[in-house]
Every structure is written in structure tokens, then in C-alpha cells.
Amino acid sequence: GSSSSGTGGGHGRGYEEVPSFVPSRATGRMNLGMLRRARGDDDDGDDESDLVEEACAHLARGRPDAALSCLEAALASARDRVGRARLAIENRAYLLARNSAPSLPEVDQEAYDVRLRSRLESAASDAADLLNNAGVVRESCGRHSEAESCFREALDVYRSECRRHEGSGDDDVDRTVDNLVRGGIASRSEGRRDALHGEADALRDEAAERSGGPGEEAAARRLR
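None of these values were measured; they are calculated from a predicted model.

Brief notes about the pattern of salt bridges
Oppositely charged side chains are able to pair whenever their charged atoms sit close together. Enumeration according to the criterion identifies 17 salt bridges in this entry. With a shortest N-O distance of 2.7 Å, R81 and E48 are connected by a salt bridge. In this pair, R81 sits in helix α2 (residues 64-97) while E48 sits in helix α1 (residues 46-60), placing the two residues 33 residues apart along the sequence. Of the charged contacts, one joins E146 and R138 as a salt bridge, the two residues approaching to 3.2 Å between their closest N and O atoms. Classification of E146 by relative accessible area gives partly exposed; the value is 35%. Exposure remark for R138: the relative accessible area of 12% places this residue in the buried category. What you see here is one network of salt bridges that share partners, running through E72, R138, R143 and E146.

Structure below.
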């Protein structure tokens, strides 16, 4: 399923007004669809939405560590929902295999199966959104390798659990791909900077052993 344009993906559910918060540069790269998606009475993801909104408020005030704590708490909750939804599907398949499933009209059986799958995709979509958002915050803190891992996991969840793919008009998935590309470039740049710093330190030590202070200038010239 594709998402609507703007800050979040629709993925087959209705919309409510987005809670207001002061935007930050980081929020422009976050997937905030769960703030917009209207939830039924049986969907317990509302607390996660509150945590995402709180995380955005922390980012707007320059508190990325607090924002990340909120996102991690929301992600733990979403993963729990994914696990419960997957278990319900597995239990259903087990009962059907044993001919022990509750007796329902054929139409109701199909509708029930669709609902179970929809609950799994909904929870997995929220988990993927949260993984992307946690990656954005980690990258803003300079934790590039951790951010890249988050983006990769988010993309895997979108593809495998949600059947959502890049290049299909799904803004959330496309945004995550963009974040992954940017994060990979930043991670490689960080690695290159670390390597250069290490080389500089080694050259300075070597020059200091040979000739003292002036050797540092020579080492710096060699690096250039």
C-alpha cells in the first residue's frame, strides 16, 4: 500500500489532524504517519503516537537524547504488538490445521484472516516508522553506524512484513531509502575522518620521536 504525500504514510487507514509541534530539521526526515492514522478501538498504538509527538517536541528544543528515549520506548511497544499479531496468525494456522478453529461462515473466516493480517501490517508499519525515526535522531548525534543499522532494519520490515516497497509512491519507504543512502555516505565519511586522524596521530608521534616539536609540522605537511 502506498502512502499519501506529506509527512506520513496512509497505508489503508483513515486520518486525523496531525498534533502540532514546532518542527526541527530532523523531523523533516522522520516518518510521522502514525501521528495521522486514525486507530480503531482494538488498536493499542495510541501511547506510541504520544511518545512520538513527545520526541518531536524534544527535538524542537534541542534534546535529542530525550527524543531517542521516547522513540525507543515507542519502538519496544510496537515490537510487542508485532509479536502478538504474529502469534495470533500462527495460532490461527495451527487451529485450522487441526480442524479446531471456531466455526464461522466462510465469508467471516476470510474477513477474520484479513483482519489478523491487517493488524500485523499496521503494527509492523509503526515499528518501521519508529526505526527510521530513531535512525534520524542517532545520525543527528553523530552515531552514523547505529543510524545506518536502524534504516536498514526499517527498510527490511517495510518490505517483508508490510509489503511496502520503494518506488511505488510510498513516501515513508522512499524517505527511509534516502536516509539510508545519506547515512551510508556520512558513515563512510566518518570512517575516513577517523582514519585520517589516526594517521595524523601516528605521524606526529613518529616525528616527535625523531626530532621533537618541529616534526609535527612535517607530519602535517605529509598529510596534505
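Back to the text.
Points about unusual backbone geometry
With a phi angle near 55°, R163 is a residue other than glycine that sits in the positive phi range. With respect to the helices and strands, R163 occurs in the loop between α4 (144-160) and α5 (171-211).

Comments concerning the nonpolar core
Counting residues in hydrophobic clusters, the biggest one holds 38 residues, and the most contacted among them are M30, V52, L71 and L130. Top contributing element to this core by residue count: helix α3 (residues 106-140), with 10 residues. Contacts of V52, omitting those with residues within four sequence positions, involve L32, M34, L35, L71 and L130.

Let's talk about the environment of L32
Tracing the backbone through its elements, the reader meets L32 in the segment before α1. Separated by 21 residues in sequence, L32 and E53 place their C-alpha atoms 8.9 Å apart.

Topic: the confidence of the model for the protein chain
The predicted structure's coordinates, where accompanied by low pLDDT, should not be read in detail. Chain-level pLDDT for the protein chain is 77 on average; 64% of the residues reach the 70-or-more range. Considering each helix and strand of the protein chain separately, the mean pLDDT is smallest for helix α6 (residues 214-223), with a value of 52, and largest for α4, with 93. In the predicted structure, residues 1-23 sits below a pLDDT of 50 and forms 72 contacts with residues beyond four places in sequence or in another chain.

Quick notes on α1
Compared with an ideal rise of 1.5 Å per residue, which puts 15 residues at 21 Å, α1 spans 21 Å between its outermost C-alpha atoms and is within 8% of the ideal. Every buried residue of α1 is listed here: E48, S49, V52, A55, C56, H58 and L59. In the segment just after α1, G62 is the residue with positive phi, at about 75°.

The rules behind these values
- Residues numbered from 1 in each chain as written.
- Predicted model: local features only at pLDDT ≥ 70, side-chain atom pairs only at ≥ 80, totals over all residues.
- Heavy atoms only, no water.
- Salt bridge = Lys/Arg side-chain N within 4 Å of Asp/Glu carboxyl O.
- Helix = DSSP H or I, 4+ residues; strand = E, 2+ residues; numbered from the N terminus.
- Buried < 20%, exposed > 50% of the residue type's maximum accessible area, 1.4 Å probe, protein only.
- Core = buried A, V, L, I, M, F, W, Y, C linked by side-chain atoms within 4.5 Å.
- Contact = heavy atoms within 4.5 Å.
- pLDDT = per-residue confidence, 0-100.
- Expected span 1.5 Å × (residues − 1).

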